[in-house]
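Architecture at a glance
Listed here are the chains, written in short residue letters.
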Amino acid sequence: MTELLDLDEGLDPLGDLDSGDSQTATKNRAKVGSARPSSLLYTYGPGSTMDLPSFTIMPAGLDTWEKIWARRGSVPTVPAPRLLDAVKVHLGPQVSELRPFPWAPKPTSHSKEGDDLGVPARVFPQWLRCTNCDMLAPLTRYAYRNTNPYRPDQARFEHEKCPGRKGKISRKPMPAVPARYLLACPDGHLDEFPYDWWVHEGAPCTEAIIPSLAMHDQALGKGASATIECRACGLKRPMNQAQGEAGAAKIPRCRGRHPHLGLFDKDGCPNATKLMLLGASNLWFPATLSIIVMPETTAKTHETMAVELLKVVGQKRVEKYGNNLEKWREYLDEEESPLFDLPDDELAAAIAHLLEPPPSEEELAEQRRNFDPVSLLVPEWNFLQRDPLGKLHKADEQSGLVLSPPDGGVHPDLISRHVTRVMAIDKLRKVNAVLGFTRIDEMERANDIGQRLVRLTRSGHPTWTVATEDRGEGIYLQLDEEEVATWEAKIEVTDLWEAHRAAHERNFNARFSDTSKEVGPETRFRPARYWLMHTLAHVLIREMAMYAGYSAASLSERIYAWKENKEENRPAAAGLLIVTTASDSDGTLGGLVQLSSRNRFERVVHRALERALRCSSDPVCAHRTPKEPEEFLHGAACHTCAMASETSCERANRFLDRRLLVDLPGSVGLGFFN
């Protein structure tokens, strides 16, 4: 572990609320904005930048969140043992629980309940530009205003006694906005741009020790259009000189800064930096895992039960009691712990897990390398092979899963299209956990994810991580495996498939991070059955949005499509689950489940496939095939016919082709539903 240089003075965003001086608390309120849990998970998590109306903030690391939870007597947790086990593979066995975001609902709009909860954040970047006089300076040169308890959107930094561009002092303070240039490196470090160093080309100013700077922003064209000026010595330098490969040699190397943790790596960072604009799409990529909570097998919960045992008895008693089951029973009975009711075999398995030596760093690294995200989907697929016992069959209390078969069974027309299984998921619970984040390259493009995954705590060994809990409904569809396997074998020897494979290799080699060249492109390519199920899910989402009462953006997919793996005892799969969930309510309204009835679902599938036959961009769309040097990862698919919104698609609209779904002109015989 790299030694860290701690520059944090202790972030406590609610410190003003504890102040004995009520006037101080009134003039410097802690709350500056709000966001939905899903946004905080996928868009504005720790280490990202979040634009507020007047400045930009960065949610802080989990160490600071402990100060928020300390204000409450107990900390809530999100129960999801199978997901917790997967999180431990990436973050280590010390992770003992999943926690929700620190938030509580208010009974009334003016209620103060929950004011002591919130996500801690730092102002970042801390260099601001006055919109009236162009002064470029740290936020300490500006006055902070946040006085209305019900209007956190009015929080702002202001330049008092602003002289303006013509030297006439303004009677009222002028607003300041963030200076939008940053430096990032592939290892996830992020730093402010060194404007003083830049304008003086690495030398000190000849006229002042701390010179006054200005940023003149032309707002013309693309990229870095601003010019930095030193008002003391008169030097000027445009920001566009820092762009591109030529500009990379002119900017300083990485200092190893983690602003969300308030620290630098003590030994710095050997990487070159890259000029980034505030708000760039590649500034922050979340690394998350998610599951649909379904009944857990006992084997999957031994590790979780071991964690609960350790909390109850403590490490010293674990060493004292050893394998003595009677001593364990006696103590659990005295503490009136619910673990006392565990069967002997399950309690013994949990104790055995506690007594095992902790895995070494090498073993943990090997677990991360061998981790396959499909392993989270397999238990869901296996459970969905069971038939519900009847309408509104409740799977178990813990998962809250409720399933129903379609009224009257699967429609004959669907059976003729090789659809063998349809189920309504009346209620489901989806849990999403945060692992960390990456910069410049998203998580799936990094093989050395253990090194490049930016930690959420200073130590790098968190004891918990953040999770969101969504509730909703869905529809499950499964295709006949024998028919899919026959079709897949035919497709994977065609020229079209070879063109897709070659395009994927070109795309992979062109976009892959320099830190991860060892990964083979074939490891990220998806089999033909995935293309089939993925394209089918997209056309169904588009069609269902017309009937279900939900927008297409509120529907999302979960694809179960992989070939048989005998080594891991994993059967082949060809199914999909279309769901709609909400993170801030008890569920959804049932419009999606209503479409699962025999006649309605047959009509939805029929019309979706019928619409897939035509696109207003045909024949261009229908014949789109990647050729050298093209590297796009789709075929006959565009935003008119098959692509979905970012919130709906799990693969960013990659691996789509209508020709694999239905027969299009010029490709007769390729479609599964021919």
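Residues numbered from 1 in each chain as written. Predicted model: local features only at pLDDT ≥ 70, side-chain atom pairs only at ≥ 80, totals over all residues. Heavy atoms only, no water.

Focus on the confidence of the model for the protein chain
Looking at the protein chain as a whole, the pLDDT averages 85, with 90% of positions reaching at least 70. Scored below 50 in pLDDT, residues 1-7 makes 21 contacts in the model with residues more than four places away or belonging to other chains. Overall, residues 20-26 carries pLDDT values under 50, and its contacts beyond four positions in sequence, including any with other chains, amount to 5 contacts. (pLDDT = per-residue confidence, 0-100. Contact = heavy atoms within 4.5 Å.)

Looking at the packing of helix 17 (residues 528-544) against helix 19 (residues 598-612)
Running from amino to carboxyl end, helix 17 crosses helix 19 at an angle of 115 degrees, the nearest separation of the two axes being 9 Å. Relative to helix 19, helix 17 is oriented roughly perpendicular. Between helix 17 and helix 19 lies a crossing whose hand is right-handed. Residues Leu-536, Val-539, Leu-540, Glu-543 and Met-544 of helix 17 pack against Phe-601, Val-604, Val-605, Arg-607, Ala-608, Leu-609, Arg-611 and Ala-612 of helix 19. By residue class, the composition of the contact of helix 17 with helix 19 is 10 nonpolar, no polar and 3 charged. (Axes fitted to C-alpha atoms, helices over the stretch in contact; angles between N-to-C directions. Helix = DSSP H or I, 4+ residues; strand = E, 2+ residues; numbered from the N terminus. Parallel < 35°, antiparallel > 145°, perpendicular 65-115°, else oblique. Left-handed = near helix turned anticlockwise from the far one by under 90°. Nonpolar A, V, L, I, M, F, W, Y, C, P; charged D, E, K, R; others polar.)

So, the packing of aromatic side chains
One pass over the structure, following the stated rule, counts 22 aromatic pairs. An angle of 70 degrees between the planes, with centres 5.6 Å apart, marks the rings of Trp-497 and Trp-531 as edge-to-face. Of this pair, Trp-497 sits in helix 16 (residues 495-511) while Trp-531 is found in helix 17, placing the two residues 34 residues apart along the sequence. Neither Trp-497 nor Trp-531 differs from the other in exposure class; each is buried. (Phe/Tyr/Trp six-rings, centres within 6.5 Å; stacked < 30°, edge-to-face > 60°. Buried < 20%, exposed > 50% of the residue type's maximum accessible area, 1.4 Å probe, protein only.)

Remarks on the pattern of salt bridges
Under the counting rule described, the total for this entry stands at 28 salt bridges. Between Arg-165 and Asp-134 there is a salt bridge whose closest N-O contact spans 3.0 Å. Residue Arg-165 is found in the loop between strand 9 (156-159) and strand 10 (174-178), and its partner Asp-134 is found in the loop between strand 6 (127-130) and strand 7 (135-138); the two are separated by 31 residues along the sequence. Look at Asp-134 and you get buried, because its relative accessible area is 6%. Note that Arg-658 and Asp-618 form a salt bridge whose closest N and O atoms lie 3.0 Å from each other. Of the two residues, Arg-658 sits in the segment after helix 19 while Asp-618 sits in the segment after helix 19, which places them 40 residues apart along the sequence. Salt bridges here are not isolated pairs; linked through shared partners, they connect Arg-145, Arg-156, Glu-158 and Glu-160. (Salt bridge = Lys/Arg side-chain N within 4 Å of Asp/Glu carboxyl O.)

Digging into unusual backbone geometry
Following Phe-124, the chain continues into Pro-125 via a peptide bond in cis, with omega recorded as 0 degrees. Here Pro-125 lies in the loop between strand 5 (121-123) and strand 6. The amide bond that connects Glu-628 to the next residue, Pro-629, takes the cis arrangement and shows omega of 5 degrees. With respect to the secondary-structure elements, Pro-629 resides in the segment after helix 19. One non-glycine residue with positive phi stands out, namely Asp-134, at about 70 degrees. Even without a glycine there, the phi angle at Phe-655 is positive, about 65 degrees.

Quick look at the pairing of strand 9
Examined bridge by bridge, strand 8 (residues 143-145) and strand 9 share 3 bridges and lie antiparallel to one another. Residue pairing across strands places Ala-143 opposite Glu-158, the latter belonging to strand 9. Where strand 9 and strand 10 come together, 2 bridges link them in antiparallel fashion. Within strand 10, the position partnered with His-159 by the bridge is Met-174. (Pairing = 2+ DSSP bridges.)

Notes on the nonpolar core
Grouped together as the largest cluster of nonpolar side chains are 49 residues, with contacts concentrated most on Leu-477, Met-533, Leu-536, Leu-540 and Met-544. In terms of residue count, the dominant contributor to this core is helix 17 (11 residues). Listed in part, the 21 residues of the second largest apolar core include Leu-91, Val-95, Leu-289 and Val-431. (Core = buried A, V, L, I, M, F, W, Y, C linked by side-chain atoms within 4.5 Å.)

What to know about the sheet that holds strand 2 (residues 50-51)
The strand order across the open sheet formed by 3 strands is 2-3-5, and the pairing between neighbours is antiparallel. Edge positions in the sheet fall to strand 2 and strand 5, since each of these pairs with one other strand and no more. Both strand 3 (residues 56-59) and strand 5 contribute to a ladder of 3 bridges, which runs antiparallel. Its bridge partner lying in strand 5, Ile-57 is registered against Val-123.

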